[in-house]
Amino acid sequence: MAAARSVLRLDISRGLVAGALIALITAGACGTPVADPGSGSTLRVVATTTVFADIVRQIGGKHVTVDSIVPSGVGPEDYEPRPADARRLADAELIVSNGVGLDDFLGKIVDAAGNSSAERLVLGDGIPTVTVDGEVNPHFWLDPTLVERYYLPAIRDRLAKLRPAVGSDFTAASEAYADQVRHLDAANVAKVATIPPDRRKLVTFHDAYPYFAAHYGFELIGVILENPGQEPSAAELAALVRKVKAANVPAVFSEAQFDPKLAHTLADEAGVTRVVTTLYNDALGPPPADTYIGLMTFDMDEIVKALR
């Protein structure tokens, strides 16, 4: 099936790209060393995804320049590193990732770069995890309360450590952004309240929504692609069709980064008339989903519209 094939990881291609990265990074490591930053210089940050890059940018403001390894509209699960990533990491003072299996590709690039002076911030460290089918789920940011409670203080404190002279600016920006996140969350809670309780059911393309569902009171019925890069068997798809029918699910959801064919196949076989294939979760998209708050607002609006 085309959707699953689009997320397959090709070992041969990965090996070639990894080799190119190592050669490029090694050459870069022999060049001009990164200058010792002063307290007034702009802090160079590289995040693994556009979601984390946006959150860092909201707190860092004019004191940071932030780049993302994985581009907008692309999920980290199916991301293949590129030579350009080496150039970003070679110049970074701070590398921000999620951890918990989401961005494991980062380790090989950093090790090859030999940028031992760059600090590492793993946002998922210390957050209580949810295990789904024996796998720890890393999608914490889809619960805004976890962003406020864990991500924002971690980013604020690390930026202040690296640029103590402007630490008060980071604190003020973090507090202002936390207010925006709380406002977003309150608005989303109110939107969910407009969905009849028996229709608050989610069937999604991949397993990104356990924290979202737990926080907002949705029931997770199932996912189409339980393992990224692994096509569901006919038996697995048939079993999901039976679950969807039994639960009387109003809609099937998928993300814009994935081929929608499997979502439509499931919906057709289960008799579901509404299919939404425009969600974003692992990566930002075009406006209005081009910021974290915009993404969360857009997704909730799409979900509520389909389930209400």
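Everything numeric in this text was worked out from a predicted model, so none of it was measured.

Asker: Tell me what's going on with the packing of aromatic side chains, and back it up with residues and numbers.
Answerer: Scanning all chains against the criterion turns up nine aromatic pairs. Geometrically, the ring pair formed by Tyr280 and Phe298 is tilted, given 6.2 Å between the ring centres and 55° between the ring planes. Taken together, the residues span a long stretch of sequence, with Tyr280 in the loop between β10 (274–279) and α11 (292–307) and Phe298 in helix α11 at a distance of 18 residues. Accessibility expressed as a relative area gives 12% for Tyr280, which makes it buried. Here a set of aromatic residues connected by ring pairs shows up, and it is made of Tyr209, Phe212, Tyr216 and Phe218.

Asker: Talk me through the nonpolar core; I want residue IDs and the actual numbers.
Answerer: Phe212, Phe218 and Tyr292 are the most contacted members of the largest nonpolar core, which totals 60 residues. Of all the elements, α11 adds the most residues to this core, at ten residues. Not counting residues within four places of it along the chain, the set of residues in contact with Phe212 comprises Leu142, Leu202, Phe218, Met296, Met300 and Ile303. With 19 residues, the next largest nonpolar core counts Val203, Val244, Val252 and Ala263 among its residues.

Asker: Could you give me a rundown of the sheet that holds strand β1 (residues 43–47), with the residues and numbers involved?
Answerer: Working definition: the strands of a sheet are paired by backbone hydrogen bonds and lie parallel or antiparallel to each other. Taking strand neighbours across the sheet as the criterion, the four strands line up as β2-β1-β3-β4 in an open arrangement whose pairing is parallel. The outermost strands of the open sheet, each flanked by one partner alone, are β2 (64–68) and β4 (119–122). Neighbour to neighbour, the strand axes of the sheet diverge by 20° on average, direction disregarded. The pairing of β1 with strand β3 (residues 94–97) spans three bridges and is parallel.

Asker: Which residues make up the pattern of salt bridges, and what values do they have?
Answerer: Counted under the stated rule, the structure contains 13 salt bridges. One salt bridge in this structure joins Glu302 and Lys305, with 3.2 Å as the shortest N-O distance. On the criterion of helical spacing, the pair formed by Glu302 and Lys305 is a turn pair, its members being three residues apart in helix α11. The network of salt bridges with common partners includes Arg44, Asp91, Glu93 and Arg163.

Asker: So what about the pairing of β2? Which residues, and what values?
Answerer: If a strand is regular, its side chains alternate between the two faces of the sheet. Only one face of β2 is buried, namely the one carrying Val64, Val66 and Ser68, since none of Thr65 and Asp67 on the opposite face is buried. Relative to β2, β1 runs parallel, the two being bridged by five bridges. Bridge pairing in β2 links Leu43 to Val64. Where the polypeptide runs from β1 across helix α3 (residues 50–60) and back to β2, its parallel neighbour, the crossover connection is right-handed.

Reading the values: rules and limits
Residues numbered from 1 in each chain as written. Predicted model: local features only at pLDDT ≥ 70, side-chain atom pairs only at ≥ 80, totals over all residues. Heavy atoms only, no water. Phe/Tyr/Trp six-rings, centres within 6.5 Å; stacked < 30°, edge-to-face > 60°. Helix = DSSP H or I, 4+ residues; strand = E, 2+ residues; numbered from the N terminus. Buried < 20%, exposed > 50% of the residue type's maximum accessible area, 1.4 Å probe, protein only. Core = buried A, V, L, I, M, F, W, Y, C linked by side-chain atoms within 4.5 Å. Contact = heavy atoms within 4.5 Å. Pairing = 2+ DSSP bridges. Axes fitted to C-alpha atoms, helices over the stretch in contact; angles between N-to-C directions. Salt bridge = Lys/Arg side-chain N within 4 Å of Asp/Glu carboxyl O. Right-handed = clockwise from strand over helix to strand, strands pointing away.

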